Amino acid sequence: MSKPSTLPPPASAIPTHAELFLAFFKITLSGFGGTLPWTRRMFVEENRWMTAQEFNDIYALCQFLPGPNIVNLTSVFGSRMRGPTGAAAAWSGFLIVPFCVMLAAAMLYERYGNVEAVRHVLSGVAPAAAGLIIATVVKMAKPMFRSFGPAPFVLLGTAVAIGLMRWPLLLVLIVMAPLSIGIAWWMRSKETA
Amino acid sequence: MKADGDILLTLAVQFAVMSLLALGGANAVVPEMHRQAVELRGWMNEREFTDMFAISQAAPGPNVMLVTLIGYHVAGFAGAVVTTLAMCGPTAVLAHFLGRTWDRFRDRPWRVAVQAGVVPISVGLVGASAIVLTGAAVHNWAAAIITVTTAAVAYWSRWNPLWLIAMAGMAGLSGLV
């Protein structure tokens, strides 16, 4: 288990722990408006620590895993390169800057959150932030409505149960996950039969 | 704001459990965070929650850092550390292990079924976030116009979302909302 990787990177040397830490540290410094493109650039294009295919595979896995996607991504990358300690190096390199930024933001908010100008700004930003999420959902949902299948129903059912009914997440997942996976399994076996 | 052991333990457990249920990323559990923090435990009111979400979207760094704001609000510095670690730690360990084995099952039918079954759920969860956040942030026509405009521009253009956030903030500052 402690061997660095099952899939060795293609071209250049495997990054050291310090390089992993610094790589993700730098990514967060340049990561205004999304860290993913920068991660890709650093790993695939600049340093050739992995191929584009490997990157896509890891990204797909992290989108599907529970938890914050991009944080999971750092763990998988680090782990592929240098095992568990590599994962820790990449993970901490990635979290340190955003944590400090958010800590500062939290302190400012607790102190000035009720100042009138700040209230005005936030009352404009909050609906915009909601709009950004709506756009993200529509982009993700669109391919699922193109073909007939159970996906749109699962999607809408989950959104209504949590968003409108406000049912507890755990409860909804205990019902929805086996149901949805079961239907996917059944559809697949019907196709291949 | 005082950080006693009980509240820190509650935060740690709540957010660790939530992270493991966050299929599709941090945005998938925003409604659950809202339910816990506003409805069940009364850690904050609706407005504070929406404010924190807005800040987490506007600030650099991943969206998941919303939990840092919540932790700080509930229990100060220690709270911020606890929620951040609880949300980002356990699934990173899981990712480390699955990252090594997942490729081996690439063509197994169960893996394909699991993936096909989970993806629509995760999109549905983010959809629920959109519903909860819109309900919490939109109280008048001006806010509704900002939400619809931002969604439309973000959907059809490749503008950096920060410009949209900045413009919405200016609209707010000028008293339009």
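Since the model is a prediction, treat every value here as computed from it, not as a measurement.

Undergrad: Let's hear about the layout of surface pockets: which residues, and what values?
TA: If you add up the space inside the second largest pocket, you get close to 360 Å³. Looking at the lining of the second largest pocket, the elements that each hand over two or more residues are α6 (151-164) and α7 (169-192) of chain A together with α6 (109-137) of chain B. Looking at the lining of the second largest pocket residue by residue, the classes come out as 13 nonpolar, four polar and two charged.

Undergrad: Before we move on, can you summarise the environment of A:Gly86 with the specific residues and values?
TA: All names here are of chain A. Within the secondary structure, Gly86 is located in helix α4 (residues 69-112). Accessibility expressed as a relative area gives 0% for Gly86, which makes it buried. The spacing of Gly86 and His17 is 69 residues in sequence and 5.6 Å in space, taken between C-alpha atoms. Apart from the residues within four sequence positions on either side, Gly86 is in contact with His17, Leu20, Gly78 and Ser79.

Undergrad: Hey, could you go over the domain arrangement of chain A for me, with residue numbers and the actual values?
TA: Here chain A is partitioned into domain 1 (17-112) and domain 2 (147-193). Here domain 1 of chain A and domain 2 of chain A have C-alpha centroids that lie 30 Å from each other.

Undergrad: Hey, could you go over the interface of chain A and chain B for me, with residue numbers and the actual values?
TA: With 87 residues of chain A in contact, the opposing surface of chain B contributes 99 residues. Of the roughly 8,000 Å² buried where chain A meets chain B, counting both sides, 76% is carbon and sulfur surface. Summed over the shared surface of chain A and chain B, the number is two salt bridges. A salt bridge links A:Arg119 to B:Asp51, with the shortest nitrogen-to-oxygen separation between them at 3.1 Å. Applying the counting criterion to the chain A and chain B interface returns 18 residue pairs in polar contact (both at pLDDT 80 or more). If you list the elements that add at least two residues to the side of chain A that touches chain B, you get α3 (52-64), α4, α5 (116-141), α6 and α7 of chain A. The class makeup of the residues in the side of chain A that touches chain B is 61 nonpolar, 17 polar and nine charged.

Undergrad: I'd like a rundown of the packing of helix α2 (residues 30-40) of chain B against α6(B), residues and numbers included.
TA: Angle between the axes and distance between the axes: these two values describe a pair of packed helices. All names here are of chain B. For the pair α2 and α6, interaxial distance at closest approach is 8 Å and the crossing angle is 45°. Accordingly, the angle class assigned to the pair α2 and α6 is oblique. Across from Val30, Pro31 and His34 in α2, the residues of α6 making contact are Ala128, Ser129, Val132 and Leu133. Partitioned by chemical class, the residues of the contact of α2 with α6 number five nonpolar, two polar and no charged.

Thresholds, definitions, all that
- Residues numbered from 1 in each chain as written.
- Chains lettered and ligands numbered in written order.
- Predicted model: local features only at pLDDT ≥ 70, side-chain atom pairs only at ≥ 80, totals over all residues.
- Heavy atoms only, no water.
- 1 Å grid on protein atoms, 1.4 Å probe; cavity = no way out; pocket = protein on both sides within 12 Å on 5 of 7 lines; lining within 4 Å.
- Points joined across faces, edges and corners; volume = space filled by probe spheres on them.
- Helix = DSSP H or I, 4+ residues; strand = E, 2+ residues; numbered from the N terminus.
- Nonpolar A, V, L, I, M, F, W, Y, C, P; charged D, E, K, R; others polar.
- Buried < 20%, exposed > 50% of the residue type's maximum accessible area, 1.4 Å probe, protein only.
- Contact = heavy atoms within 4.5 Å.
- Domains from an automatic or database assignment.
- Buried area = accessible area lost by both parts, 1.4 Å probe.
- Salt bridge = Lys/Arg side-chain N within 4 Å of Asp/Glu carboxyl O.
- Polar contact = N/O pair within 3.5 Å; in protein donor to acceptor, adjacent residues only side chain to side chain.
- Axes fitted to C-alpha atoms, helices over the stretch in contact; angles between N-to-C directions.
- Parallel < 35°, antiparallel > 145°, perpendicular 65-115°, else oblique.

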